[in-house]
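Below are the chains, spelled out letter by letter.
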Amino acid sequence: MKKEKNRVCPVELAGSLDNKIRKWFQNPQKILAPYIKEGMNVLDIGCGPGFFSIELAKMIGKDGKIFSVDLQEGMLQKIRNKIHGTELEERIKLIKSEEDQINVPEKVDFILAFYMVHEVPNKNSFFETLKNVLNEKGQFLVVEPKLFHVTKKEFGLTMQIAEQAGFKVTQGPKLPFSFSAILKNG
Ligand SMILES: C[S@@+](CC[C@H](N)C(=O)[O-])C[C@H]1O[C@@H](n2cnc3c(N)ncnc32)[C@H](O)[C@@H]1O
């Protein structure tokens, strides 16, 4: 059961993460507007096919930079195809990570982990690594799916692990079918 919960979302399901219907109830610009300013450095960890990365790249403008990181090269290729030949190609740095190695080369002002933390087997090491990647005044938005994947208890336990790693956990935005929290460097 636990093993199944940690299974990564396969590339074949990328279409279910990146479509117009999802935008109706999870509009990236609306969700992220309170946290993003032009010129920021941001990290989209577990970016998948880029549903959030593309909009984040637009929001940070030409002076910003986004690291879009995923375990699966197939997901990164979907983003590469979308931004090829556009101005976003300059802003989006695609990084293939390993299970316990995130490989982000510099600190960031904002981290997004949308519907991905439940796929991470070693959450202690995950949050400890990201604690070092986030700037002192930075914010880290964690969103997890309620339906089928994550119970309230499990989300609470995940936030306890984030606290043990040194994050201060605060209330996140209210989003349909989801749990959320904003983590700060405590
Ligand atoms: C359900 S998808 C969500 C994608 C995207 N955040 C979204 O909301 O559209 C989860 C993604 O996280 C990636 N992932 C899982 N564990 C990871 C890890 N330890 N490091 C980086 N990416 C990871 C998977 O490959 C998958 O693309």
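Conventions adopted
- Residues numbered from 1 in each chain as written.
- Predicted model: local features only at pLDDT ≥ 70, side-chain atom pairs only at ≥ 80, totals over all residues.
- Heavy atoms only, no water.
- Disulfide = S-S within 2.5 Å.
- Helix = DSSP H or I, 4+ residues; strand = E, 2+ residues; numbered from the N terminus.
- Buried < 20%, exposed > 50% of the residue type's maximum accessible area, 1.4 Å probe, protein only.
- Salt bridge = Lys/Arg side-chain N within 4 Å of Asp/Glu carboxyl O.
- Pairing = 2+ DSSP bridges.
- Axes fitted to C-alpha atoms, helices over the stretch in contact; angles between N-to-C directions.
- Contact = heavy atoms within 4.5 Å.
- Near = heavy atom within 4 Å.
- Polar contact = N/O pair within 3.5 Å; in protein donor to acceptor, adjacent residues only side chain to side chain.
- Areas by Shrake-Rupley, 256 points an atom, 1.4 Å probe, with all protein chains shown as cover.
- 1 Å grid on protein atoms, 1.4 Å probe; cavity = no way out; pocket = protein on both sides within 12 Å on 5 of 7 lines; lining within 4 Å.
- Sits in = over half its atoms within 2 Å of the grid points.
- Nonpolar A, V, L, I, M, F, W, Y, C, P; charged D, E, K, R; others polar.
- Parallel < 35°, antiparallel > 145°, perpendicular 65-115°, else oblique.
- Left-handed = near helix turned anticlockwise from the far one by under 90°.

Chemist: Lay out the state of the cysteines with the relevant residues and their values.
Modeler: Within this structure, the stated rule accounts for 0 disulfides. No disulfide involves Cys9; its sulfur sits 12 Å from that of Cys47, the nearest cysteine.

Chemist: Residue-level account of unusual backbone geometry, with values.
Modeler: We note that Asn103 has phi near 65°; this positive angle belongs to a residue other than glycine. Mapping Asn103 onto the fold places it in the loop between strand 3 (92-96) and strand 4 (108-114). Judged by relative accessible area, which is 37%, Asn103 ranks as partly exposed.

Chemist: So, the pattern of salt bridges: which residues are in play, and what are the values?
Modeler: Under the counting rule described, the total for this entry stands at 7 salt bridges. Among the salt bridges present, the one from Lys58 reaches Glu55, with a minimum N-O distance of 3.1 Å. Taken as a pair, Lys58 and Glu55 lie in helix 5 (residues 53-60) at a separation of 3 residues, close to a single helical turn. Take Lys58: its relative accessible area is 43%, and that puts it in the partly exposed class. Look at Glu55 and you get buried, because its relative accessible area is 8%. One connected set of salt bridges, linked through shared partners, spans Lys23, Glu55 and Lys58.

Chemist: Describe the sheet that holds strand 1 (residues 41-45), naming the residues involved and giving the relevant values.
Modeler: On the basis of which strands lie adjacent, the open sheet formed by 7 strands has the order 3-2-1-4-5-7-6 and mixed pairing. Since the sheet does not close on itself, it has two edges, and those belong to strand 3 and strand 6 (167-171), each with one partner. Here the average twist between neighbouring strands, direction ignored, is 20°. In the sheet, strand 1 pairs with strand 2 (residues 65-70) via 5 bridges, with the strands oriented parallel. Counterpart to Val42 in the pairing with strand 2 is Ile66. Against the sheet, helix 5 contacts strand 1, strand 2, strand 3 and strand 4, and its axis sits at roughly 165° relative to strand 2. Against the sheet, helix 8 (residues 123-133) engages strand 1, strand 4, strand 5 (134-145), strand 6 and strand 7 (178-185), with an angle of about 140° to strand 5.

Chemist: Please give an account of the site of the ligand that cites residues and values.
Modeler: The environment of the ligand is formed by 21 residues, the closest being Arg22, Gly46, Asp70, Gln72 and Phe114. A distance of 2.7 Å separates an oxygen atom of the ligand from a polar side-chain atom of Gln72. At 3.4 Å, a side-chain N or O of Ser97 approaches a nitrogen atom of the ligand. If the ligand stood free it would expose 600 Å²; the protein chains cover 98% of that surface. At a threshold of 2 Å from the grid points, most atoms of the ligand map onto the largest pocket. Looking at the shell around the ligand residue by residue, the classes come out as 13 nonpolar, 4 polar and 4 charged.

Chemist: Requested: an account of the environment of Phe177, with residues and values cited.
Modeler: Of note, Phe177 is situated in the loop between strand 6 and strand 7. With 84 residues separating them along the chain, Phe177 and Lys93 place their C-alpha atoms 30 Å apart.

Chemist: For the packing of helix 8 against helix 9 (residues 152-164), give the residues involved together with the corresponding values.
Modeler: In the contact formed by helix 8 and helix 9, the axes pass within 9 Å of each other and the chain directions differ by 50°. Viewed along their axes, helix 8 and helix 9 adopt a mutual orientation that is oblique. The handedness of the crossing between helix 8 and helix 9 comes out as right-handed. Note on element contacts: helix 9 touches helix 8 through Thr158, Met159, Ile161, Ala162 and Gln164, opposite Lys123, Asn124 and Phe127.

Nothing here speaks to function; it is geometry throughout.
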